[in-house]
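Here are the chains, one letter per residue:
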Amino acid sequence: MIVNAAQPFPELSWSWTRNQTFLNCKRWYFHAYYSSWGGWRREASNLSKHAYRLKRLVTLDQLFGISVHNQIHRMIDESQRMTVEAFTASVRKALNRAFWDSKYKREEWYEHPSDINMLHEMYYDGELPEQKIEEYRERMTVIANNLLSSQTFKDIFDRKDKIRLVSSERFRVFELDGVKVWVVMDLVYQDLESGKFVVVDFKTGRPSSGDPVQLILYSLFLKEAFDITSLDQMELRNEYLAIGKHASFTPRHSDHEYVKSLIRTSVKEMKTYLRVPEQNVPLDMERFEQTKNRAICRRCAFQELCDTG
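Residues numbered from 1 in each chain as written. Predicted model: local features only at pLDDT ≥ 70, side-chain atom pairs only at ≥ 80, totals over all residues. Heavy atoms only, no water.

1. Side note on the layout of surface pockets
The condition is simple: Both site types are read off a 1 Å grid over the protein atoms alone. A 1.4 Å probe that fits but cannot get out defines a cavity, while an open set with protein on both sides within 12 Å along at least five of seven lines defines a pocket; lining residues have an atom within 4 Å of a point. Grid points are joined across faces, edges and corners, and a volume is the space filled by probe spheres set on the points. Helix numbering and strand numbering both begin at the N terminus, where a helix is a DSSP run of H or I of at least 4 residues and a strand a DSSP run of E of at least 2. Under the convention adopted here, Pro, Cys and the residues Ala, Val, Leu, Ile, Met, Phe, Trp and Tyr are nonpolar, Asp, Glu, Lys and Arg are charged, and Gly plus all remaining residues are polar.
As a volume, the second largest pocket reaches approximately 290 Å³. Around the second largest pocket, the lining is made up of 13 residues, and of these Gly-39, Trp-40, Arg-41, Glu-111 and Pro-113 lie nearest the centre. Those elements giving two or more residues to the lining of the second largest pocket turn out to be helix H3 (46-55) and helix H6 (106-111). The element best represented in the lining of the second largest pocket is H3, accounting for three residues. Among the residues forming the lining of the second largest pocket, the class breakdown is four nonpolar, three polar and six charged.

Shown next as structure tokens:
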């Protein structure tokens, strides 16, 4: 099956999320980055429209993370620390709205998937287990307390005159061997006393082996963007809000070489799935293998497009 043969695709680029999708399942990757492309257009094929609609699904865990991050950046942008009660109320409001949209606005979502929330669990299972709802209620308060007492918040709110905010969450890009590499950094600030640039990634889930690698990727961008000559000028920090701990380290030259090698290898493998590499035109859908890991299938937004989903 050839998708959107006449529709030009955007140039091949790389991001942490794209790479993780590629590693999880090649068919998931195909739908996320190819069959769904252009699905918002009126003249798009039915498959593209369907895939684009499914791409807009969000799991409860994803939405929870997004909602927490939104409140973090609201506080940073407004330079005002919220109370635990105000924080949890805002996150709860976002989750409640998504539940309401998922339950009562399915037809509207079908026509305008980018404007309406649709929870993955509600779409495929029709409901949210009460036990899961209660779990997130408890997590809200834990994460709020840990966030407000975190090292990062102590720095930016209790040491305002000693730090300089560089950026809040937004897309950034650098190039490696002519390929654009996209990064989304939660927060970067400079400690005016030490001169160090501090790169912070807030995590609402459990620590994973990929967390430091993400931070090293961000430091690659930072080194280039700010012409940093010594890696000792950077502190990379994961704030684990679920457990109230943080992990900091200074990147090494070997770390940067490792991440560059990872990107190059990943891009090379992605290109083996392209029919016309120069134009980022993919092979037929059937050439993108389906994972046999059922746990990955259950998380996939494109289950109903996959005969093993």
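2. Focus on H3
Applicable threshold: Burial classes follow relative accessibility: with a 1.4 Å probe on protein chains only, a residue under 20% of its type's maximum area counts as buried, one over 50% as exposed, and anything between as partly exposed. The contact criterion used is simple: two residues touch if any of their non-hydrogen atoms lie within 4.5 Å.
Along H3, the residues that are buried comprise Ser-48, Ala-51, Tyr-52, Arg-53 and Leu-54. Check the buried side of H3 and you find it contacts helix H2 (26-35), H6 and helix H7 (120-125).

3. Some details on the pattern of salt bridges
Formally: Any Lys or Arg side-chain nitrogen located within 4 Å of an Asp or Glu carboxyl oxygen qualifies as a salt bridge.
Per the counting criterion, the structure on display carries 20 salt bridges. When the shortest N-O distance is used, the salt bridge between Asp-101 and Arg-97 registers 3.9 Å. A residue pair is termed a helical-turn pair when its members lie 3 or 4 positions apart in one helix, as Asp-101 and Arg-97 do in helix H5 (residues 84-104) at four residues. By relative accessible area, which is 53% here, Arg-97 ends up exposed. Salt-bridge contacts for Asp-155 lead to Arg-237; the nearest nitrogen and oxygen are separated by 3.7 Å.

4. Here we look at the pairing of strand E4 (residues 197-203)
Basically, it comes down to this: Between any two strands, pairing holds if DSSP finds at least two bridges. If you view a crossover with the strands going away from you and the path from the first strand over the helix to the second runs clockwise, you call it right-handed.
When you tally the buried positions in E4, you get seven out of seven residues, the bulk of the element. As defined by bridge partners, strand E3 (residues 179-191) adjoins E4 across four bridges and the pair is classed as antiparallel. Considered in E4, the bridge of Gln-190 is made with Phe-197. A loop of five residues connects E3 with E4, the two strands running antiparallel in sequence, and Gly-195 in this loop sits at a positive phi of about 85°. Regarding topology, helix H10 (residues 211-225) serves as the crossover connection from E4 to the parallel strand E5 (residues 234-240), and that connection is right-handed.

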